[in-house]
Amino acid sequence: MNNNDKQFEKRVGGQPLRAVPSEWRGEILAAARAARAEERPVAVAQESWLAIVQRQVAALLWPHPKAWAGLAAVWVGIIALNIATHEGAPRAARKSTTTSPEMVAELRKQQRMFAELVRGYESTDADRPRGFVPRPRSERVEAEVA
Amino acid sequence: MKMPGDSELERLYDAHASALYAFLLNLTRDEADTRDVLQEVFVKIARDEGLLRGVREERAFLIRLAHNAAIDLMRRRGTRERVKVNLAEVLSPFAPASDPDEEIFRNELAAALAELPEEQRAVAHLKLWGGLTFEAIASALEIPPNTAASRYRYAIDKLRERLRPLYEEMKQE
């Protein structure tokens, strides 16, 4: 860059610029304050965890709301079906354990028969094993002679 | 009652509004548009308290905000802007001069600047009247420093070519 160029740049750059109108200061700052005042309540509301959760959920579901709704409906159906079948099982079990009087009478009859059989078995000793009791040798000889 | 942060807004305005105003006026050549963009910048700062947190070069950062807002505005009003430049209904970014020769030079300079492409005009303004380095200009306009330097050279060459007769004449006097 030669001296002439520098002089030209200095000449051009030395031209004073127009000043910002003084009345703008109050107007622009007032507009900025008003904008801030409008923004504040929104900022406070955004700080609550519920709003954050709502925003996150909305952001998550927003791209395909119908798909998410369909998926939710399927899950509700599965849960409802699961609850219905789970409640049916114990009811059936309870129903099967209830005993009728005829059945009680039959059971008692069988018990009686079983008790009689047991008593009969205890009275006979035919099958009872004989115990071995050793006797003295002298007594054994007497017995052989006799 | 003053809200917290008002003094910070006032400080920012007092420190940078004049520079932003001149820059925006040179870009838009329209006082109403300049006011709209300047207000938009300060409204943005007021709305987002953390916007300037961690910013090292306030001036460069604010120029970037102003430049982006001005570009958006000019794109929205592209046709109107071109018509305005063609009809030379442009507002000079320079202060009125008491000396007639100086006034002529400023008017010619304003017209020559208006003929520059917007990207060259922005770089020339920030270098000549903003006193920024090419690095700072590059940061403010989000361009590489080499691009800033080359745009400046193109702009100066065009200005010199356009103003040479008048400049040489004034130098001889």
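Everything here concerns the structure above.
Description of the structure in this document.

Considerations on the environment of alanine 60 of chain B
Residue and element names in this part refer to chain B.
Inference 1: Tracing the backbone shows alanine 60 in helix 3 (residues 58–76).
Inference 2: For alanine 60, a count of 20 C-beta atoms within 10 Å translates into the label buried.
Inference 3: Each C-alpha atom, one on alanine 60 and one on leucine 132, is 8.5 Å from the other, the two residues being 72 residues apart in sequence.
Inference 4: Apart from residues no more than four positions distant in its own chain, alanine 60 is found in contact with Leu132, Ala136, Ser139 and Ala140.

Notes on the interface of chain A and chain B
Inference 1: Each partner contributes to the interface: chain A provides 21 residues, whereas chain B provides 29 residues.
Inference 2: Listed by contribution, the elements that provide at least two residues to the side of chain A that touches chain B are helix 1 (3–13) and helix 2 (23–47) of chain A.
Inference 3: At 11 residues, helix 2 of chain A tops the list of elements feeding residues into the side of chain A that touches chain B.
Inference 4: Residues belonging to the side of chain A that touches chain B are distributed by class as follows: 13 nonpolar, two polar and six charged.

Concerning the packing of helix 1 (residues 6–28) of chain B against helix 2 (residues 31–47) of chain B
All names here are of chain B.
Inference 1: Closest axis-to-axis distance for the helix 1/helix 2 pair is 9 Å, and the angle between their directions is 145°. Here the hand of the crossing between helix 1 and helix 2 comes out right-handed. Between helix 1, through Leu9, Leu12, Tyr13, Ala17, Leu20, Tyr21, Leu24, Leu25 and Thr28, and helix 2, the contact on the second element is made entirely by Glu31, Asp33, Thr34, Val37, Leu38, Val41, Phe42, Ile45 and Ala46.
Inference 2: Looking at side-chain class alone, the contact of helix 1 with helix 2 contains 14 nonpolar, two polar and two charged residues.

Rules behind the numbers
- Residues numbered from 1 in each chain as written.
- Chains lettered and ligands numbered in written order.
- Predicted model: local features only at pLDDT ≥ 70, side-chain atom pairs only at ≥ 80, totals over all residues.
- Helix = DSSP H or I, 4+ residues; strand = E, 2+ residues; numbered from the N terminus.
- Buried ≥ 20, exposed ≤ 12 C-beta atoms within 10 Å, placed from the backbone.
- Contact = placed C-beta atoms within 7 Å.
- Nonpolar A, V, L, I, M, F, W, Y, C, P; charged D, E, K, R; others polar.
- Axes fitted to C-alpha atoms, helices over the stretch in contact; angles between N-to-C directions.
- Left-handed = near helix turned anticlockwise from the far one by under 90°.

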